[in-house]
Amino acid sequence: MSQTQIAGDPALKSNIPAGPLAEKWDGHRFSTKLVAPQNRRRFQVIIVGTGLAGAAAAATLGEQGYAVKSFCFQDSPRRAHSIAAQGGINAAKNYKNDGDSVYRLFYDTIKGGDYRAREANVHRLAQVSTQIIDQCAAQGVPFAREYGGLLDNRSFGGAQVSRTFYARGQTGQQLELGAYQALSRQIELGTVTMYNRHEMLDLVLKDGRAVGIIVRDLVTGEISSHSAHAVVLATGGYSNVFYLSTGAKGCNVTAIWRAHKKGAYFANPCYTQIHPTCIPQSGDYQSKLTLMSESLRNDGRVWSATKQGESRRASEIPDSERDYFLERRYPAFANLVPRDVASRAAKLQVDQGFGVGELHNGVYLDFRDAIQRLGRTVVEQRYGNLFDMYANITGDDPYSVPMRIYPAPHYTMGGLWVDYNLMSNVPGLFVAGEANFSDHGANRLGASALMQGLADGYFVLPATLPGELANQLGTPVADPNGPEFRDAEQAVRDEVSKFLSINGKQTVDTFHRKLGKIMWENCGMARNAAGLKQAREDIVALREEFWSDVKVLGSGNTLNQSLEKAGRVADFIELGALMCQDALDREESCGGHFREEHQTPDGEALRDDDNYAYVAAWEYQGAGKLANLHKEALEFEYVHPSQRSYK
Amino acid sequence: MSMNLTLKVWRQAGATAAGDFETYQVPGVNEDMSFLEMLDVVNEQLIGDGREPIAFDHDCREGICGSCGVVINGRPHGPLQGVTTCQLHMRNYRDGDTIVVEPWRAAAFPVIRDLVVDRSAFDRIIQAGGYITAPTGGARDANLTLIPKAVADVAMDAAACIGCGACVAACPNSAANLFTGAKITALNVLPQGQPERWARVAAMVDRMEDQFGSCTNYTECEAVCPAGISVNVIAKMNRDYLKSRFKDRRSLIRQADVADEA
Ligand SMILES: Cc1cc2nc3c(=O)[nH]c(=O)nc-3n(C[C@H](O)[C@H](O)[C@H](O)COP(=O)(O)OP(=O)(O)OC[C@H]3O[C@@H](n4cnc5c(N)ncnc54)[C@H](O)[C@@H]3O)c2cc1C
Ligand code: FES
């Protein structure tokens, strides 16, 4: 076991079961209390979010017989942002017989996360990964097949084994539809009540327990209370704090941020993942950034110019004047280095003036050699839909001109703190999927988010949540007309009126863009103390400005998209300040968190395990105030932390 | 290249309010903007002028979630084949163009506000039987069921539907046969889909007919589908529906026999 001097907060109980790593999950399931089938109807469970994590959990808990209420802000549960995932989902099936195993997936995930995740959680994730594929195949998810009818796999994002299952370039869509269909079946059977176009705007606590939520009906504006024995938040990630990200426009932090304000700790908020292969920005009007699947790096070669301010077209630049910088710097992994490494390398090239394209704001991802080697037909089969998408967005044809790519905010490893049962420090409040912090440490490996979302939803919560419910057998659900709910409802109504009454000069999007710029420049791919301090101050000032000068028109009693955005941006601003605080506090570089002060002589991330091998769980202290830090010390019994090397 | 456009947009304050077109002059449109980014720019201007912005559904802006969708110059999702509204880019327009923007028009998709409609009728079709009953936990190893690549490909082609509703909007009868046929095909061709094959098609078609118009083979739906779903799925659905009347009865009788013996 590695020894650290870190004193964890004894109040922060991770509840990791005792015993050997490989036996923890089975042992824990056996020792967790059960709820008898005839009693399950009496338990109300609220699940916010219908992405992979939320839809899978709602369907499964519904199947088990609990009375579930499910919420999403889109017009249909099927449209949760999981639907946009392209590349694939990992599982330790070892169908390719290339040396994969549960232990290797566990090991790769711990290492990929730069030794900032819990071993026990990650091992469980690797264990259930195989069941996920079985479950999805049984639901009819049309995974890619070999000619003989067996499932096909590919290698993805830095893995040296082929463990990624996929459904063309639409893996997320197909997994999401599988979960949505299972959920739809429960809706028809009446075990799940579905609330589309409803947004959660507060968490309600009674005697320190989570007992329900306040929601706004986005069509009628009605604000109502829902009570339950347990609340699950599966509300996705918060990359949109950067304004421009690969997230959908509606992705937000509101549900978990409001829970944070009610006492739930926010863990590792500064761990954000910048994805290396996105289409660079083309103008100020840009509303989002589009991801080009990581799988493209399997055959594409990344290069930049060797001359600053290169203005020739790609085809006119001879090989001798191209810098294949990933191949040069990382000969072993070359174009397949992990995301954080690839992103930083690209940023360095652009910062030094070697960027390509009209705005010099990207690098090339070139298929010329792949087309020569494999032929156009094979390349078309593998990437045809991605090439079409690229051509459609940029007007360039990637078969003849290399793609231009640049890193963009993509995934957030941070999220609400949860224990091994996925319960937050607030009893009765569970958090699943991208919204929790649990499994990816400081960096997530490609194709592992879909795995985690479905692991949490299909297998972990349905085993752990009943243990918490069992303690409440005989306790009636909280009264939704009780004072706790009435006060919370009133606060939400007051907030709506406040937004509509400010009548300032700047639109909500203007504030969102300003926030995004501050975050991207100071708390993005590379961070330093001076920038983070300044950013925090700027954000505090931006918050003041927002609450005195935002302009939200219309009424609270109709569909009002500016009003929806106003609430989300208000929360992003507060989150931004916390991210800067966390990034400033972590005086080391690890995974997606790169502090310029902490790097090796050749520019690689320099961790400090002695002082920072902990989870930073932040406790809210009031708007504009610094949050309080609670540490959960991380112990590595099986994988000894070492410097990640992809050379 | 920047253009000046004239936009005629359907504005409707609420479900029961009367709607009408409003005209906006939009200067300085960049050809690299997406159609929705152009609407964002219009909305920022409107708010600046103290007028409420145009409501429209959107989320991923990558052509996959199916949230977006408006009728552009009479055609759902605009002029391009296989492209959603969010993926339509302004380089497809010329300086001086007039663009008319309307919501999906179908009785089953009532307008909520401006360009936003209620498509929950689609969810109800899926709830009727658009799934394979496979409660979590009991699945056997995925490779025990061999699925020929060709079959998996047919399922995937059909499963690519994004549920946007353009097919209904394009159909003179407001029929939902392409949407329903796509889901039925995706599930009914797979080995895992066989046990519920006949019950599925019967329930889904009945639910569809309760809510939508009848298909008379205009095939306008296929022409506007951004996911490239072929009208073959409708033929497949119709064949299975016909057979279900016979198969379903037979399987019901079998179930009754088993129940008697038990
Ligand atoms: C473009 C893209 C490609 C990706 N590709 C891959 C990939 O190939 N492989 C991989 O493993 N991962 C991939 N990821 C990451 C992965 O898709 C996500 O991490 C994962 O799908 C998140 O699932 P989720 O269930 O946690 O949340 P989501 O799917 O984001 O769902 C969130 C849900 O919460 C609801 N919600 C949010 N806030 C509220 C509120 N206040 N009130 C009510 N409801 C609310 C939403 O309506 C939605 O239903 C990709 C991500 C992106 C953006
Ligand atoms: S916004 Fe998702 S498909 Fe257009």
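All values derive from a computational prediction rather than experimental measurement.

### Quick notes on the domain arrangement of chain B
All names here are of chain B.
Turning to step 1, where the next piece is worked out: You can read the domains of chain B as domain 1 (2-113) and domain 2 (119-258).
Turning to step 2, where the next piece is worked out: Just the C-alpha atoms count here: the centres of domain 1 and domain 2 sit 31 Å apart.
Turning to step 3, where the next piece is worked out: Facing 19 residues of domain 1, the contacting portion of domain 2 comprises 19 residues.
Turning to step 4, where the next piece is worked out: Taken over both partners, the interface formed by domain 1 and domain 2 buries close to 1,400 Å², and the fraction arising from carbon and sulfur atoms is 61%.
Turning to step 5, where the next piece is worked out: The interface formed by domain 1 and domain 2 holds one salt bridge in total.

### A look at the packing of aromatic side chains
All names here are of chain A.
Turning to step 1, where the next piece is worked out: A full pass over the atoms with the stated rule returns 28 aromatic pairs over all chains.
Turning to step 2, where the next piece is worked out: Between the aromatic rings of Trp257 and Tyr620, the centroid separation amounts to 6.2 Å while the plane-to-plane angle is 85°, which identifies the pairing as edge-to-face. Of this pair, Trp257 sits in helix H7 (residues 254-261) while Tyr620 sits in the loop between strand E18 (614-619) and strand E19 (628-633), and the two are 363 residues apart along the sequence.
Turning to step 3, where the next piece is worked out: Taking relative accessible area as the criterion, Trp257 reaches 2% and is therefore assigned buried.

### Considering a nonpolar patch on the surface
Turning to step 1, where the next piece is worked out: Side chains of Tyr103, Tyr107 and Tyr638 of chain A sit close together on the surface and give an oily, nonpolar patch of about 280 Å² of accessible area.
Turning to step 2, where the next piece is worked out: Turning to its location among the elements, Tyr638 of chain A is positioned in the segment after E19.

### Topic: the sheet that holds E19 of chain A
Sheet strands pair by backbone hydrogen bonding; their relative direction is either parallel or antiparallel.
Residues and elements named next belong to chain A.
Turning to step 1, where the next piece is worked out: With antiparallel pairing, the four strands of this open sheet are ordered in space as E16-E10-E18-E19. One side of each edge strand has no neighbouring strand; the edge strands of this open sheet are strand E16 (415-416) and E19.
Turning to step 2, where the next piece is worked out: Bridge analysis of strand E10 (residues 266-267) against E18 gives two bridges, and the strand direction is antiparallel. Looking at the pairing, Phe266 lines up with Trp618 of E18.

### Let's talk about the site of ligand 1
Turning to step 1, where the next piece is worked out: Inspection of the region around ligand 1 gives 37 residues, with Gln74, Ser82, Met200, Glu434 and Leu450 of chain A positioned closest.
Turning to step 2, where the next piece is worked out: Residues near ligand 1 are shared among chains A and B, making this a multi-chain site.
Turning to step 3, where the next piece is worked out: One of the backbone nitrogen or oxygen atoms of Ala53 of chain A is found 3.0 Å away from an oxygen atom of ligand 1.
Turning to step 4, where the next piece is worked out: In this structure, Met200 of chain A approaches ligand 1 through a main-chain N or O atom, which is 2.8 Å from a nitrogen atom.
Turning to step 5, where the next piece is worked out: Isolated, ligand 1 exposes 1,000 Å² of accessible area, and the fraction of that covered by the protein chains is 97%.
Turning to step 6, where the next piece is worked out: Counting only elements with at least two residues in the shell around ligand 1, the list comes to helix H3 (52-64), strand E6 (198-206), strand E15 (403-412) and helix H12 (449-470) of chain A.
Turning to step 7, where the next piece is worked out: Element by element, the count of residues in the shell around ligand 1 is highest for E6 of chain A, at three residues.

### Some details on the interface of chain A and chain B
Turning to step 1, where the next piece is worked out: On the side of chain B, 75 residues touch chain A, which itself brings 78 residues to the contact.
Turning to step 2, where the next piece is worked out: Here chain A packs against chain B, burying approximately 6,100 Å² in sum over the two surfaces, 50% of which is carbon and sulfur.
Turning to step 3, where the next piece is worked out: Contact with chain B buries area across many residues of chain A, yet Arg79, Arg145 and Tyr285 of chain A alone supply 11% of it, more than any other trio.
Turning to step 4, where the next piece is worked out: Where chain A packs against chain B, one counts seven salt bridges.

Calculation rules
Residues numbered from 1 in each chain as written. Chains lettered and ligands numbered in written order. Predicted model: local features only at pLDDT ≥ 70, side-chain atom pairs only at ≥ 80, totals over all residues. Heavy atoms only, no water. Domains from an automatic or database assignment. Contact = heavy atoms within 4.5 Å. Buried area = accessible area lost by both parts, 1.4 Å probe. Salt bridge = Lys/Arg side-chain N within 4 Å of Asp/Glu carboxyl O. Phe/Tyr/Trp six-rings, centres within 6.5 Å; stacked < 30°, edge-to-face > 60°. Helix = DSSP H or I, 4+ residues; strand = E, 2+ residues; numbered from the N terminus. Buried < 20%, exposed > 50% of the residue type's maximum accessible area, 1.4 Å probe, protein only. Patch = residues over 30% accessible without salt bridge, like charges linked within 9 Å, V, L, I, M, F, W, Y side chains within 5 Å. Areas by Shrake-Rupley, 256 points an atom, 1.4 Å probe, with all protein chains shown as cover. Pairing = 2+ DSSP bridges. Near = heavy atom within 4 Å. Polar contact = N/O pair within 3.5 Å; in protein donor to acceptor, adjacent residues only side chain to side chain.

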